[in-house]
Amino acid sequence: MTRSIEIVEVGPRDGLQSEPGVMPTATKIEFVERLVAAGIKRLEVTSFVNPKKVPQMADAEQVLAGLKKRSDVWYVGLVLNQKGFDRAVAAGCNEIGMAVVASETFNRRNQGVGTDDSIAAWLEIAKAAHAAGVRPQVTVSAAFGCPFEGEIAVERVVEIARRVAEGNPHEIAFADTIGVGVPSQVSELIGRARAALPGMRLRAHFHNTRNTGLANAYAAVEAGVSALDSSAGGIGGCPFAPAATGNIPTEDLVYMLERMGVRTGVNLDALIATGEWLQGTLGRPIPSMLLKAGSFPKPATQAA
Ligand code: ZN
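Could you give me a rundown of the layout of surface pockets, with the residues and numbers involved?
Approximately 340 Å³ is the volume found for the largest pocket. In terms of lining residues, the largest pocket is bounded by 18 residues, among which Phe48, Val49, Asn50, Leu80 and Asn81 are the most central. Broken down by secondary-structure element, the contributors of at least two residues to the lining of the largest pocket are helix 4 (82-91), helix 5 (104-111) and helix 6 (115-132). Broken down by element, the residue count for the lining of the largest pocket peaks at three residues, all from helix 4. The residue makeup of the lining of the largest pocket, split by class, is nine nonpolar, six polar and three charged. For the second largest pocket, the lining is made up of 17 residues, of which Asn208, Asn211, Pro249, Asp252 and Met289 are closest to its centre. If you tally residues by element for the lining of the second largest pocket, the top one is helix 9 (residues 213-223), at three residues. Per-class residue counts for the lining of the second largest pocket are six nonpolar, ten polar and one charged.

Following this line, the structure appears as structure tokens:
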């Protein structure tokens, strides 16, 4: 396999929003800058949502204001409605991500409206984003199962993808928000979505809740996604998804892909150093296996 996969780092948003404490703004900025220095070119840096619901993201504007703007880095702000979109654009995000939940019940719990209303809101936001010169992309959440409704039919997920595609997104992502998916499901959904939406860039977002995250990532690469989400150290969850635990760890994902000959553009040693820094900052062990085991062994003594 000789190809490349774009890594979208979601630790500063998906990771930190499920932390019990609130990371200081300056530390968040350092977190993002360390990741950019490691070669990550696209990061979900914060979300522009109700600070009463997600106090960990209440400093969204300050985080953006503290980041060095670079023409080669995409700072993604997550938004759920027009108000969030306006905040993200004013704050200087050059890409916005919106989520539409494949489960009606979950969408109402998470966003306060039904799935159809969220799709309509996405289409309006996508239009506004194109007009504002901000890159829009959209995620179909709970695409592999829902904590309230259980199974989600793959036909429903693909139909939602077809509808959100009308907003001309940069890319459509499928998220296993609660970490229930298995690789055969990933192959089927990505395969069907590629058939339904030829030429559309696809991305996948996995949580390692049931230890299937990296296997799902492999299946997604085989099925033809362009990008994968992951979080440094494997931190993260979702405050609206009961018992959802961390994203797949960026270190572990980059290790697997690079050893397979799939290029990521990320410096693994710098990433591991960032994970160690993060672990120290949070003051507790974090899930990444690379942080425990280290990278591929280097010979103890170099031959002269
Ligand atoms: Zn997530």
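Describe the pattern of salt bridges, with residues and values.
Applying the stated rule across the entire model yields 24 salt bridges. Of the charged contacts in the structure, one is a salt bridge between Lys41 and Asp72, with a shortest N-O distance of 3.9 Å. Taken as a pair, Lys41 in the loop between helix 2 (25-37) and strand 3 (42-48) and Asp72 in the loop between helix 3 (60-66) and strand 4 (74-79) lie far apart in primary sequence, 31 residues in all. Under the relative-accessibility criterion, Lys41 is labelled partly exposed at 36%. Under the relative-accessibility criterion, Asp72 is labelled partly exposed at 34%. Among the charged side chains, a network of salt bridges with common partners joins Glu6, Arg42, Glu95, Arg135, Glu171, Arg201, Arg203 and Asp229.

Lay out unusual backbone geometry in plain terms, naming residues and giving numbers.
Of note in the backbone geometry, Ala142 takes a positive phi value of approximately 50° without being a glycine. With respect to the helices and strands, Ala142 occurs in the loop between strand 6 (135-141) and helix 7 (154-164). With phi around 55°, Asn168 is a residue other than glycine that occupies positive phi space.

How would you explain the pairing of strand 6 if you had to name every residue and give the values?
Where burial is concerned, most of strand 6 is hidden: seven out of the seven residues are buried. Where burial is concerned, the two faces of strand 6 agree: the one with Arg135, Gln137, Thr139 and Ser141 and the one with Pro136, Val138 and Val140 are both buried. Pairing of strand 5 (residues 95-101) with strand 6 involves seven bridges; the strand directions are parallel. Across the sheet, the residue bridging to Val100 is Val140, located in strand 6. Across three bridges, the pairing between strand 6 and strand 7 (residues 172-176) is parallel. Pairing of Thr139 across the sheet is with Ala173, part of strand 7. What joins strand 6 to strand 7 is helix 7, and the crossover it makes is right-handed.

The rules we used
Residues numbered from 1 in each chain as written. Predicted model: local features only at pLDDT ≥ 70, side-chain atom pairs only at ≥ 80, totals over all residues. Heavy atoms only, no water. 1 Å grid on protein atoms, 1.4 Å probe; cavity = no way out; pocket = protein on both sides within 12 Å on 5 of 7 lines; lining within 4 Å. Points joined across faces, edges and corners; volume = space filled by probe spheres on them. Helix = DSSP H or I, 4+ residues; strand = E, 2+ residues; numbered from the N terminus. Nonpolar A, V, L, I, M, F, W, Y, C, P; charged D, E, K, R; others polar. Salt bridge = Lys/Arg side-chain N within 4 Å of Asp/Glu carboxyl O. Buried < 20%, exposed > 50% of the residue type's maximum accessible area, 1.4 Å probe, protein only. Pairing = 2+ DSSP bridges. Right-handed = clockwise from strand over helix to strand, strands pointing away.

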